[in-house]
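Coordinate inspection notes
Here are the chains, one letter per residue:
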Amino acid sequence: MFLDVSFYLNQVIPALNKGLMVSLALIFPSATCGLIIGIIIGTMRAFGKGPIYGFATVYATIFRGTPLVVQLFILYFGLPNLGIYLSPYLAAVLGFTLCSGAYHSEYIRGALLSIKKGQILAAQALGFSTWSSLTNIILPQAMRRALPGCGNEIIYLIKYSSLAYIITCIELTGQGKIIASMTFRFSEVFLVVGFYYLVMVTIATWLLKKLEERFYVPGFGSR
Amino acid sequence: MSIENTEVLLKVEGISKSFGGKRILKDVSLSLNKGDLKVLIGPSGGGKSTLLQCINLLITPDKGKIFLNNRDVSFNKKKDVLALRQQIGMIFQDFNLFDHLTALDNVSIALRKVKKMSKKDAYIRAQMELERVGLGDKLHHYPAELSGGQKQRVSIARALAMDPLLLLLDEPTSALDPELISEVLTVIRELSNSGMTMLMATHQMGFVKSLAQEILFMENGRIIEHDTPENLLNKSKVRTRTQDFCSKLL
Ligand SMILES: Nc1ncnc2c1ncn2[C@@H]1O[C@H](COP(=O)(O)OP(=O)(O)OP(=O)(O)O)[C@@H](O)[C@H]1O
Ligand SMILES: [Mg+2]
């Protein structure tokens, strides 16, 4: 029955492709916004003082310290208690963004702290303002150091985006579950679902490798 | 404000600095005329680096005054501090080249981002400065691909590109292998001959004797002796602290 081609072509593939589109619509904005939040929070944690440091640390602790499913439940089922109603899609994107932002911030913070004091001193000595040395000297170096870790986090995100179906945002895994329950052909359907994720992760890994090559600087990054 | 001598480029008056209750600089004063090369020597921990970093306000002095071109420099107005740093070039012992940038970008980035020059003009200027320190063939090399001596020459080019009134050099050859020291000293010698004003911490006594106008001997946060190399090292009848220290150098 594994070779029942028409079953795949007519039912599984179209349904999963529809789910795939939703998955991609979850992954792209979550990865982008998560990275931006990670950069901001990571910078606040590395260089911030007082309440700025406190806020960023509390944020990272909460979102790294609680299960993503719980975060999604709170966003989707809990927020309406406060009068905030999010669509399943929005709740999922928000949850993924906040969660991956917290993890990105950890890589960014580590990368920022690994930058030698002399780099900042040299920039200051040339008359760079704090902001300008941050954007021109510190962040470009930190991004190279953080790239492998942040890349990994994006690959995780591709996989944990499958949790969106739990709050009724029917993406790839959700579509798989629907069609599998309808036809009772679980192993076949989920083998294909697994293959879809594998392809996405492989493409992402390849893109990240290209990115690392593009920003390669001798004596840098691989350290 | 003191305007007794228009030739005075830098005047430091009564600078003091403490770190965590420990007094590192105690009432240090000095002045540099245009074109002067003065050197700071003295034992480790004496405060040479701290003094140099106070002069371009990388460290804010607790007390004292700094005059550049007879202008009283304010320590806490951000704009003044940034402007002062642009006018004073700084060379560090361990180069501090920007690790993610090529030699050309190391030299041009401040021109573009601080002086707001166009990319094209900045590159032209940067290339010129790199050629001047003998690195015209290393424009696109990254710091990791350069020797220590080459790195230090890039850092000198980077400082010169900003058209500084004055260069501060903090033991520019101390991190170099002996055979690389001379290529850096040659560049500094040429700079001095072309009239650049410099204050340099160094223990290269041959260089000091042949080129420095004055030795400032620094110990425990104070300049305890200052005179020409000749007077401090050769002529004096009483044995100077500087002689004492230098006899132990090699
Ligand atoms: N940021 C700082 N915090 C605390 N102490 C400091 C700081 N910077 C320098 N010091 C102390 O100030 C003293 C003078 O240091 P400085 O680096 O100026 O000496 P130096 O004359 O340059 O020595 P060297 O020849 O080793 O370079 C040292 O005792 C050092 O430990
Ligand atoms: Mg020093």
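Shown above is the structure to which this text applies.
The following refers to the structure shown.

Conventions we followed
- Residues numbered from 1 in each chain as written.
- Chains lettered and ligands numbered in written order.
- Predicted model: local features only at pLDDT ≥ 70, side-chain atom pairs only at ≥ 80, totals over all residues.
- Heavy atoms only, no water.
- Patch = residues over 30% accessible without salt bridge, like charges linked within 9 Å, V, L, I, M, F, W, Y side chains within 5 Å.
- Areas by Shrake-Rupley, 256 points an atom, 1.4 Å probe, with all protein chains shown as cover.
- Salt bridge = Lys/Arg side-chain N within 4 Å of Asp/Glu carboxyl O.
- Helix = DSSP H or I, 4+ residues; strand = E, 2+ residues; numbered from the N terminus.
- Buried < 20%, exposed > 50% of the residue type's maximum accessible area, 1.4 Å probe, protein only.
- Pairing = 2+ DSSP bridges.
- Contact = heavy atoms within 4.5 Å.
- Buried area = accessible area lost by both parts, 1.4 Å probe.
- Axes fitted to C-alpha atoms, helices over the stretch in contact; angles between N-to-C directions.
- Parallel < 35°, antiparallel > 145°, perpendicular 65-115°, else oblique.
- Left-handed = near helix turned anticlockwise from the far one by under 90°.
- Nonpolar A, V, L, I, M, F, W, Y, C, P; charged D, E, K, R; others polar.

All names here are of chain A. Where nonpolar side chains cluster on the molecular surface, the patch consists of Phe195, Leu198, Val199, Ile203, Trp206 and Leu207 and spans about 620 Å² of accessible area. Within the fold, phenylalanine 195 resides in helix 8 (residues 186-214). Taking the relative accessible area as the measure of exposure, phenylalanine 195 reaches 52% and is therefore exposed.

What follows deals with the sheet that holds strand 5 (residues 71-72) of chain B. The strands making up a sheet are joined through hydrogen bonds of the backbone, oriented either antiparallel or parallel. Residue and element names in this part refer to chain B. Judged by pairing direction, the sheet is antiparallel, and its four strands sit side by side in the order 2-1-4-5 without closing on themselves. Edge positions in the sheet fall to strand 2 (22-33) and strand 5, since each has one partner strand and no second. Strand direction decides the pairing type here: strand 1 (residues 8-19) and strand 2, joined by eight bridges, are antiparallel. Bridge pairing in strand 2 places lysine 17 opposite leucine 25.

All right, on to unusual backbone geometry then. Although it is not a glycine, threonine 168 of chain A sits at a positive phi angle of roughly 65°. Mapping threonine 168 of chain A onto the fold places it in the loop between helix 6 (130-160) and helix 7 (172-183).

Now for the interface of chain B and chain A. Of the residues lining the interface, 24 residues belong to chain B; the matching set on chain A comes to 23 residues. Taken over both partners, the interface formed by chain B and chain A buries close to 2,000 Å², and the fraction arising from carbon and sulfur atoms is 67%. Of all residues in chain B, Phe98, Asp99 and His100 of chain B give up the largest surface area on contact with chain A, accounting jointly for 33% of the area buried on that side. Across the chain B-chain A interface, the total number found is one salt bridge. The salt bridge involving aspartate 99 of chain B is made with lysine 116 of chain A; its shortest N-O contact spans 2.9 Å.

Glancing now at the sheet that holds strand 8 (residues 197-201) of chain B. Residue and element names in this part refer to chain B. The six strands are arranged 6-7-8-3-9-10 in an open sheet whose pairing can be described as mixed. What marks the edges here is a single partner per strand, and that holds for strand 6 (88-91) and strand 10 (222-227). Each neighbouring strand pair of the sheet contributes to a mean axis angle of 20°, computed without reference to strand direction. As paired elements, strand 9 (residues 214-219) and strand 10 share five bridges and run antiparallel to each other. In the sheet register, leucine 216 faces strand 10, and the bridge partner there is histidine 226. Contacts between helix 1 (residues 48-55) and the sheet are confined to strand 3 (37-41), strand 6, strand 7 (166-170), strand 8 and strand 9, with strand 7 contributing the most and set at about 155° to the helix. The sheet contacts of helix 6 (residues 178-193) involve strand 3, strand 7 and strand 8, and relative to strand 8 the element is tilted by about 145°.

Now for the environment of arginine 85 of chain B. Mapped onto the elements, arginine 85 of chain B comes out in helix 2 (residues 78-87). A relative accessible area of 10% means that arginine 85 of chain B is categorised as buried. Once the C-alpha coordinates of arginine 85 of chain B and isoleucine 124 of chain B are considered, the two residues, 39 residues apart in sequence, prove to be 23 Å apart. In this view, arginine 85 of chain B contacts Gln124, Ala125 and Gly127 of chain A together with Asn56, Leu57 and Leu58 of chain B; residues no more than four positions away in its chain are not counted.

This part covers the environment of valine 217 of chain A. The topology assignment puts valine 217 of chain A in the segment after helix 8. Counting along the chain gives 73 residues from valine 217 of chain A to arginine 144 of chain A, while the straight-line C-alpha distance between them is 8.7 Å. Those residues within four positions of valine 217 of chain A in sequence are excluded, and the remaining contacts are Arg144 of chain A together with Asp99, His100 and Tyr142 of chain B.

All names here are of chain A. The final tally for this structure, using the stated rule, is 17 salt bridges over all chains. One salt bridge connects glutamate 213 with lysine 210, and the closest N-O pair in it is separated by 3.4 Å. With glutamate 213 and lysine 210 both in helix 8 and three residues apart, this pair spans about one turn of that helix. By relative accessible area, lysine 210 is classed as partly exposed at 37%. Within this structure, Arg45, Arg64, Glu106 and Arg109 form a network of salt bridges that share partners.

Residue and element names in this part refer to chain A. Running from N to C, helix 1 (residues 5-47) and helix 2 (residues 50-65) point in directions that differ by 130°, and their axes come no closer than 8 Å. With respect to helix 2, the element helix 1 is oriented oblique. Taken as a pair, helix 1 and helix 2 cross one another with a handedness that is left-handed. In contact with Ile37, Ile41, Met44 and Arg45 of helix 1, helix 2 contributes Ile52, Tyr53, Phe55, Ala56, Thr57, Tyr59 and Ala60. Residues of the contact of helix 1 with helix 2, tallied by class, amount to nine nonpolar, one polar and one charged.

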